[in-house]
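# Summary of the model geometry
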Amino acid sequence: MRRTSTILILSLLLIFSEMLMEACKKTDSVAGQGIGTTPLQLKVPQGFPPPQPLFADNPLTQEGFELGRRLFYEGKLSRDSNFPCASCHQQFAAFSTLDHPLSHGFNNQFTRRNAPGLFNLAWQSSFQWDGGVNHLEVQPLNPITSSNEMAMTIQEVLDRLKNDTRYPPMFKAAFGTEEINSQKMLKALSQFMGMMVSGNAKFDLVKRGQATFTIAEQSGYAIFKNKCATCHPEPLFTDNSFRNTGLAVDPVLNDSGRMSITKDPMDYLKFKVPSLRNIYKTQPYGHDGRFYSIGAVIDHYRTGVINTPTTDPKLRNGIPMTDEEKLDLSSFLRSLTDTTFIVDKRFTNPN
Amino acid sequence: MDILRSRSSKVLLLATSLFLALSCKKDKSLETGKSRVSFRFENSAQGIPLQLEKKYTNPFGEDYTVTTLKYHISDITISDSSKNISREKTCCHLLDASDSTSLHFDAQLDEISFDRVSFIIGVDSLYNVSGAQTGALDPVHGMFWTWNTGYIMAKLEGESSVSSAPVSRFQYHIGGYAGSVATQRKVTLTFPGGRSYSLKADQPLTMIIDVNISKWFRSAHDLPIASQPLVMTPGPLAMQYADNYACLFTVKEVQP
């Protein structure tokens, strides 16, 4: 009797001590795959270069992606709940703000710059018009904490998520524990945004031999390769560099562009070359949204370029073009609209 | 039978608590060949322990109070002039004057003899470019710039009657992680009397480090509050403050 109970006690103790050792371990919140997650893959469109190693330490999962999607559409990330990411990044506008030169944020304030479309972010090495953000994971910190955008602190956001019964289970599904911290939130958002790939425009179908250009598009493509492709090279239609296209300085915004980050006078008025994919869905244009149409942008290149010390050498004499060429070029740019991307169910509001 | 049961349950209770104590101890225990150095950072001004919101005078005769003082300490090593060197594995510590528990921490280091300690004030550039971090590097701590992403290596805020900024504030957010604007600074300190120590598993040490805030304003460079109450971007000025914060630290005492 004594013997069996000793054995029983001993084995019980063994189990107990295992459990206790577990309890003593600090739950290090290293973001990663939780147990039973469904792996996802970033599909690289044919002809695209390899993406940034964005997911090397943030393994893509269905659960992480879905959490990121919910967060992207979550009003609670903003002070008065009216400005989720999606309020300024609208899917039907390829995740830009349609028809607004500057976007609305908290307390009737405007952003300083035009909200760019969000797609193919996994091929970008820096973010924002001045390249001030060096990693997609940390990009959301800027709008969340800016007083003219979502006007929150990170801690407030985390507290709101912790107090919302829907979130702890979603964090657990994605990252293995119910603990909510900024790293997991940011990695989930990065999974959602990084998966936004747009590579299914008519242009891509033509490249894959599944469609043919019209005569106007074909002619526009030739003009494009000749006059625009140095800065806007296919397949991403940006070379990710910073350039001054000779725009007049807006005296109110007084935006010095890349120089505000590098402090280098040679970077004065330089802005990131934007992708031209989905360009017909993202009006208005330019870093401050000053152009209401593609025609107006092209006219700027033809006759509006102002020469200052940092104006790009390729634009110093403008880009001469006949009216007919302008029309053909516009036809080509329309072939860059990816109509599947802007209705892709994976990226719509989950609510 | 009853006696047995109650006795065995007592044994169970006792043994359980023993195991609890043991298993916790074991989990915290040192790796073989390692021992512990307890670091205690003591912020001071004018030779006395720094108290937030108390009035001090800096070397230029300017009055000031400190409301916020935070700095990153990383890459701690102990070494000597021969080949002995041991580096702490933990990447970074964030020391915050408003949270006294953050000023004390234990570092696991090899059992070696050593006559100096080094650390970096700031955060290695790698962590500045690798996306979302956690722990001491969590952006909730308010030490991460979001518009020009990267860590603030050290932050000093307060008030001074000589400040021309609104409500007499001064704010020094010193950062910049690469190239000509890199504000990480390596500090190497020797010990009082030039002594050396041997770290042994059964003889952990405590190192008390004085952090003299007066030198923030005047040491490598003269940086009166009146000249610039606000520094919030990487650049030449931030580099000068970084040179100064490298001068704040001295080892006051090493205790067994």
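Residues numbered from 1 in each chain as written. Chains lettered and ligands numbered in written order. Predicted model: local features only at pLDDT ≥ 70, side-chain atom pairs only at ≥ 80, totals over all residues. Heavy atoms only, no water.

### Notes on the overall build of chain B
To keep it simple, the criterion reads: Helix and strand definitions here come from DSSP, where helices need a minimum of 4 consecutive H or I residues and strands a minimum of 2 consecutive E residues; each element is numbered from the N-terminal end. When a residue's accessible area, from a 1.4 Å probe over protein chains only, is under 20% of the maximum for its type it is buried; when over 50% it is exposed; and in between it is partly exposed. Contacts: residue pairs with any heavy atoms within 4.5 Å of one another. To be clear on the numbers: accessible area is Shrake-Rupley with a 1.4 Å probe, and residue cover counts the displayed protein chains and nothing else.
Per the secondary structure count, chain B includes four helices and 17 strands. For chain B, the proportion of its 256 residues judged to be buried stands at 50%. A separation threshold of at least 6 residues defines the contact pool for chain B, and within that pool the share at least 24 residues apart is 73%. By element, 54% of the accessible surface of chain B is carried by carbon and sulfur atoms, the whole surface being about 12,000 Å².

### A few points about the overall build of chain A
This is how it is decided: Charge counting treats Lys and Arg as positive and Asp and Glu as negative, with His and both chain ends excluded. To locate a charge, the coordinates of NZ of Lys, CZ of Arg, CG of Asp or CD of Glu are taken.
Of regular secondary structure, chain A possesses 12 helices and four strands. Dimensions along the principal axes, computed over C-alpha positions, put chain A at roughly 105 × 50 × 35 Å. Out of the 351 residues belonging to chain A, those deemed buried represent 54%. For chain A, restricting intrachain contacts to residue pairs at least 6 apart in sequence, the fraction spanning at least 24 positions comes to 69%. Of the roughly 16,300 Å² of accessible surface on chain A, a fraction of 57% belongs to carbon and sulfur atoms. Averaging the coordinates of the 37 positive side-chain charges in chain A and doing the same for the 34 negative ones gives two points 3 Å apart.

### Things to note about the packing of helix H9 (residues 215–227) of chain A against helix H12 (residues 323–334) of chain A
Residue and element names in this part refer to chain A. Formally: Structural elements are reduced to axes, namely lines fitted to C-alpha atoms, with helices fitted over the stretch in contact, and the angle between N-to-C directions of any two is expressed from 0 to 180 degrees. Roughly parallel refers to an angle under 35 degrees, roughly antiparallel to one over 145, roughly perpendicular to one between 65 and 115, and oblique to any angle outside these ranges. Residue classes follow a fixed rule: Ala, Val, Leu, Ile, Met, Phe, Trp, Tyr, Cys and Pro count as nonpolar, while Asp, Glu, Lys and Arg count as charged, and any other residue, Gly among them, counts as polar.
Their axes nearest at 7 Å, the elements H9 and H12 cross at an angle of 95 degrees. When the axis of H9 is compared with that of H12, the two are roughly perpendicular. Only Glu325, Asp328, Leu329, Ser331, Phe332 and Leu333 of H12 make contact with H9, whose side of the interface consists of Ala216, Glu217, Ser219, Gly220, Tyr221, Ile223, Phe224 and Lys227. Class assignment of the residues belonging to the contact of H9 with H12 gives a composition of seven nonpolar, three polar and four charged.

### Remarks on the packing of aromatic side chains
The test is simple: Note on aromatic contacts: the rings of Phe and Tyr and the six-membered ring of Trp form a pair at centre separations within 6.5 Å, being stacked when their planes are under 30 degrees apart, edge-to-face when over 60 apart, and tilted otherwise.
In this structure the tally under the stated criterion is 39 aromatic pairs over all chains. Taken together, a centroid distance of 5.9 Å and an interplanar angle of 70 degrees make the contact between Phe192 of chain A and Phe347 of chain A edge-to-face. Of the two residues, Phe192 of chain A is situated in helix H7 (residues 182–194) and Phe347 of chain A in the segment after H12; the sequence distance between them amounts to 155 residues. Per residue, the accessibility class of Phe192 of chain A equals that of Phe347 of chain A, and both read buried. Ring geometry for Phe114 of chain B against Phe191 of chain B: centres 5.7 Å apart, planes inclined by 85 degrees, an arrangement best described as edge-to-face. Linking Phe114 of chain B in strand E8 (residues 113–114) with Phe191 of chain B in the loop between strand E13 (185–190) and strand E14 (197–198), this pair joins segments that are 77 residues apart in sequence.

### Overview of the state of the cysteines
How we decide: Cysteine sulfur atoms are paired as a disulfide whenever they come within 2.5 Å of each other.
In the structure shown here, the tally under the stated rule is one disulfide over all chains. One disulfide in the model links Cys91 of chain B with Cys92 of chain B; its S-S distance is 2.0 Å. With the S-S bond torsion at -80 degrees, the cross-link from Cys91 of chain B to Cys92 of chain B turns out left-handed. A relative accessible area of 24% means that Cys91 of chain B is categorised as partly exposed. Judged by its relative accessible area of 8%, Cys92 of chain B is buried. The thiol sulfur of Cys85 of chain A is not disulfide-bonded, and the nearest other cysteine sulfur, from Cys88 of chain A, lies at 8.8 Å.

### A word on H7 of chain A
All names here are of chain A. Threshold: A helix is expected to reach a length of 1.5 Å times the quantity of its residues less one. We define a polar contact as two N or O atoms separated by no more than 3.5 Å, with the added condition that, inside protein, one atom must be a possible hydrogen donor and the other a possible acceptor, whereas residues neighbouring each other in sequence contribute only through side-chain atom pairs.
The end-to-end C-alpha separation of H7 is 18 Å, in line with the 18 Å expected for 13 residues at 1.5 Å each. The buried fraction of H7 amounts to 13 of the 13 residues, a majority that puts the element mostly inside the structure. Its side-chain oxygen 3.1 Å from the backbone nitrogen of Gln183, Asn181 forms the N-cap of H7.

### Topic: the environment of Ile48 of chain B
Residues and elements named next belong to chain B. Relative to the helices and strands, Ile48 resides in strand E2 (residues 48–49). A C-alpha to C-alpha distance of 15 Å links Ile48 and Tyr64, two positions 16 residues apart in sequence. In this structure Ile48 touches Asn43, Lys54 and Tyr56, once residues within four positions along its chain are discounted.

### Some details on the pattern of salt bridges
Threshold: Salt bridge criterion: a side-chain nitrogen from Lys or Arg within 4 Å of a carboxyl oxygen from Asp or Glu.
Taken as a whole, this structure holds 30 salt bridges over all chains when the rule is applied. Of the charged contacts, one joins Asp255 of chain A and Arg113 of chain A as a salt bridge, the two residues approaching to 2.6 Å between their closest N and O atoms. Taken together, the residues Asp255 of chain A in the loop between strand E3 (242–243) and helix H10 (259–262) and Arg113 of chain A in the loop between strand E2 (109–110) and helix H4 (141–145) connect sequence positions 142 residues apart. Residue class for Arg113 of chain A comes out buried when judged on its relative accessible area of 10%. When the shortest N-O distance is used, the salt bridge between Asp243 of chain B and Arg185 of chain B registers 2.9 Å. Taken together, the residues span a long stretch of sequence, with Asp243 of chain B in helix H4 (residues 236–245) and Arg185 of chain B in strand E13 at a distance of 58 residues. Exposure remark for Asp243 of chain B: the relative accessible area of 27% places this residue in the partly exposed category.

### Brief notes about the nonpolar core
Generally speaking, soluble globular proteins have nonpolar side chains that are buried together. We count it as follows: Think of a nonpolar core as a cluster: buried Ala, Val, Leu, Ile, Met, Phe, Trp, Tyr and Cys residues, connected wherever their side-chain atoms sit within 4.5 Å.
Phe72 of chain A together with Phe39, Phe41, Phe119, Tyr172, Trp216 and Phe249 of chain B are the most contacted members of the largest nonpolar core, which has 111 residues in total. Setting aside its immediate chain neighbours within four residues, Trp216 of chain B contacts Ala154, Leu156, Tyr172, Ile174, Leu223, Tyr241, Asn244, Tyr245 and Leu248 of chain B. Formed by 25 residues, the second largest nonpolar core is a distinct cluster that contains Phe203, Val305, Ile319 and Phe332 of chain A.

### Description of the domain arrangement of chain A
All names here are of chain A. Operational definition: An automatic or database domain assignment supplies the start and end points of every domain. Put simply, buried area is the surface a 1.4 Å probe can reach on two separate parts but cannot reach once they are joined, added for both.
You can read the domains of chain A as domain 1 (62–198) and domain 2 (202–334). Every contact between the two is made by 25 residues of domain 1 and, on the other side, 24 residues of domain 2. Between domain 1 and domain 2, a total of about 2,100 Å² is buried, with carbon and sulfur atoms accounting for 52% of that surface. Among the residues domain 1 hides against domain 2, the three largest losses belong to Arg112, Trp129 and Asp130. Together they make up 29% of the total. Between domain 1 and domain 2 we count two salt bridges in total.

### Brief notes about empty space enclosed by the protein
All names here are of chain B. Worth spelling out the cut-off: Here a cavity denotes a set of grid points, spaced 1 Å apart and computed over the protein atoms alone, in which a 1.4 Å probe fits but from which it cannot get out, and a pocket denotes an open set meeting protein on both sides within 12 Å along at least five of seven lines; residues with an atom within 4 Å of a point are reported as lining. Grid points are joined across faces, edges and corners, and a volume is the space filled by probe spheres set on the points.
Summed over all chains, the structure comprises one cavity of 30 Å³ or more. As a volume, the largest cavity reaches approximately 30 Å³. Lining the largest cavity are Asp75, Thr77, Arg87, Ser118, Phe119, Ile120 and Lys186. Listed by contribution, the elements that provide at least two residues to the lining of the largest cavity are strand E4 (63–79) and strand E9 (116–121).

### Looking at the packing of helix H2 (residues 62–72) of chain A against H7 of chain A
Residue and element names in this part refer to chain A. As a packed pair, H2 and H7 sit with axes 7 Å apart at the nearest point and diverge in direction by 95 degrees. Overall, the two elements H2 and H7 adopt an arrangement that is roughly perpendicular. Residues Gly64, Phe65, Leu67, Gly68, Arg69, Leu71 and Phe72 of H2 lie in contact with H7, whose contacting residues are Met185, Ala188, Leu189, Gln191, Phe192 and Met193. Each residue belonging to the contact of H2 with H7 can be placed in one class, and the counts come to nine nonpolar, three polar and one charged.

### Some details on the environment of Val181 of chain B
Residue and element names in this part refer to chain B. Looking at the element boundaries, Val181 is found in the loop between strand E12 (169–175) and E13. For Val181, a relative accessible area of 26% puts it in the partly exposed group. For the pair formed by Val181 and Asp222, sequence separation is 41 residues and the distance between their alpha carbons is 19 Å. In this structure Val181 touches Gly175, Gly176, Pro234, Gly235 and Met239, once residues within four positions along its chain are discounted.

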